[in-house]
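For reference, the chains in residue letters:
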Amino acid sequence: MAALAKAMSKFRLAVVQLHVSKVKADNLNRVRKLVKEAADKGAKMVVLPECFNSPYGTSFFPEYAEKIPGESTQLLSEAAKENAVYLVGVRQCTWWGSIPEEDGGKLYNTCPVFGPDGTLLLKHRKIHLFDIDVPGKIRFQESETLSPGSSFSVFDTPFCKVGVGICYDMRFAELAQIYTKRGCQLLVYPGAFNMTTGPAHWELLQRGRAVDNQVYVATASPARDETASYVAWGHSSVVSPWGEVVAQAGSEETVVYADIDLQYLSDVRQQIPISSQSRGDLYGVSEAQQGGIGSGPQRT
């Protein structure tokens, strides 16, 4: 039992930085190929980018949106079953990344999470919509076409609990704090920061969320395409609970790997025990919000 517990304290995470084209079938074919590559190299969890089946942009969301289940989620389900067996100590794998979703006449930026038997564990709908205006650099309004989600998304694995956000969700520290309070040791954000916000804030925010909560943080971006209408920064990363960048891509299509060490996470929390030192008598983050926020993960 002790040997099993020690083995379960470590696992390999793969982050796929995918070149996303306007041809959905090509995107999905590359996803299948890269997911297999990651599984063959021992990955137990695989993260895909934000909008991995679609170019990122408000004009593309309605055209590429799908029901869940649908074409793209069917591929993820099949990839999970092809590359994993749901047995602890064998090849336990989980996959996720975001797609435009259509449901009830509304569009969402949704991250479905699949277990190793192909089962849809949950879907996270982007809570915070990316509406920004930086004069002379970038204006983008997701709310022109998308609706916001209204639930937290936490799921269990044999290794640890995982909290899911999408891109702009990472800027909101409260979400990461709530996930950590719920027992998450890994936070994952499929995202597509751009050439303005990426160099300035992409790594900074990941390291901030990791250090503030003493968790691992992973981000998956599309690869950079200078010809696209929205140019992604890339630099998909994994950051440790100490705030160190332990794996990072450049701008090209690639898969990066990080070995997640939960014993190291526990050691960091013991060395600097911020959780027990937090002044809950003076301040705190509450889950009780209107509109169903905090009601638990969305499940189908």
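Under an unreviewed UniProt entry, the protein has the name omega-amidase and belongs to Anguilla anguilla. Under the Sequence similarities (unreviewed entry) heading, UniProt states for the protein: "Belongs to the carbon-nitrogen hydrolase superfamily. NIT1/NIT2 family."

Asker: In this structure, what is going on with the overall build of the protein? I would like to understand it.
Answerer: Helix and strand counts for the protein come out as eight helices and 15 strands. In the protein, 70% of the contacts between residues at least 6 apart in sequence involve partners at least 24 apart. When the accessible surface of the protein is totalled, it reaches about 12,700 Å², and 51% of it is carbon and sulfur.

Asker: Can you walk me through the packing of aromatic side chains in this structure?
Answerer: Centre-to-centre distance and the angle between the planes together describe a pair of aromatic rings. Tallying each qualifying case throughout the model produces eleven aromatic pairs. With centroids separated by 5.5 Å and ring planes inclined at 35 degrees, the aromatic side chains of Phe130 and Phe140 adopt a geometry described as tilted. Pair noted here: Phe130 is in the loop between strand S6 (120-125) and strand S7 (131-134) and Phe140 is in strand S8 (residues 138-141), with a separation of ten residues, a long-range link. Aromatic side chains Tyr168 and Phe172 sit 5.5 Å apart centroid to centroid with 80 degrees between the ring planes, which places their arrangement in the edge-to-face category. Given a relative accessible area of 15%, Tyr168 falls into the buried group. Three or more aromatic residues joined by ring pairs make a cluster, and in this case those are Tyr56, Phe61, Phe130, Phe140, Tyr168, Phe172 and Tyr230. The side chain of Arg125 reaches across the aromatic face of Tyr108, ending 3.9 Å from its centre.

Asker: Whenever I open this one, the sheet that holds strand S14 (residues 245-248) confuses me. Can you help?
Answerer: Adjacent strands of a sheet form backbone hydrogen bonds with each other and so pair up, either parallel or antiparallel. Spatial strand order, S9-S10-S11-S12-S13-S14: six strands in an open sheet with mixed pairing. Looking along the sheet, the strands with just one partner apiece sit at the ends: strand S9 (154-156) and S14. Pairwise comparison of adjacent strand axes, ignoring direction, gives a mean angle of 20 degrees for this sheet. Across five bridges, strand S11 (residues 184-190) lies against strand S12 (residues 216-220) in parallel orientation. The partner of Leu187 across the bridge, within S12, is Val217. Against the sheet, helix H5 (residues 173-181) contacts S9, strand S10 (161-164) and S11, and its axis sits at roughly 145 degrees relative to S11.

Asker: Where do I start with unusual backbone geometry in this structure?
Answerer: Note: most residues except glycine have negative phi, and most peptide bonds are trans. Geometrically, the link from Ile68 to Pro69 is a cis peptide bond, its omega value of 5 degrees lying close to zero. Among the structural elements, Pro69 can be located in the loop between helix H3 (61-64) and helix H4 (71-83). Positive phi outside glycine occurs at Cys51, with the angle close to 55 degrees. As for its position among the elements, Cys51 is in the loop between strand S2 (43-47) and H3. At Gln214, a position not held by glycine, the phi torsion is positive, near 55 degrees. One can find Gln214 in the loop between helix H6 (197-213) and S12.

Rules and cut-offs
Residues numbered from 1 in each chain as written. Predicted model: local features only at pLDDT ≥ 70, side-chain atom pairs only at ≥ 80, totals over all residues. Heavy atoms only, no water. UniProt positions renumbered as here; feature names shortened; annotations may be inferred. Helix = DSSP H or I, 4+ residues; strand = E, 2+ residues; numbered from the N terminus. Contact = heavy atoms within 4.5 Å. Areas by Shrake-Rupley, 256 points an atom, 1.4 Å probe, with all protein chains shown as cover. Phe/Tyr/Trp six-rings, centres within 6.5 Å; stacked < 30°, edge-to-face > 60°. Buried < 20%, exposed > 50% of the residue type's maximum accessible area, 1.4 Å probe, protein only. Lys NZ or Arg CZ within 6 Å of the ring centre and 35° of its normal. Pairing = 2+ DSSP bridges. Axes fitted to C-alpha atoms, helices over the stretch in contact; angles between N-to-C directions.

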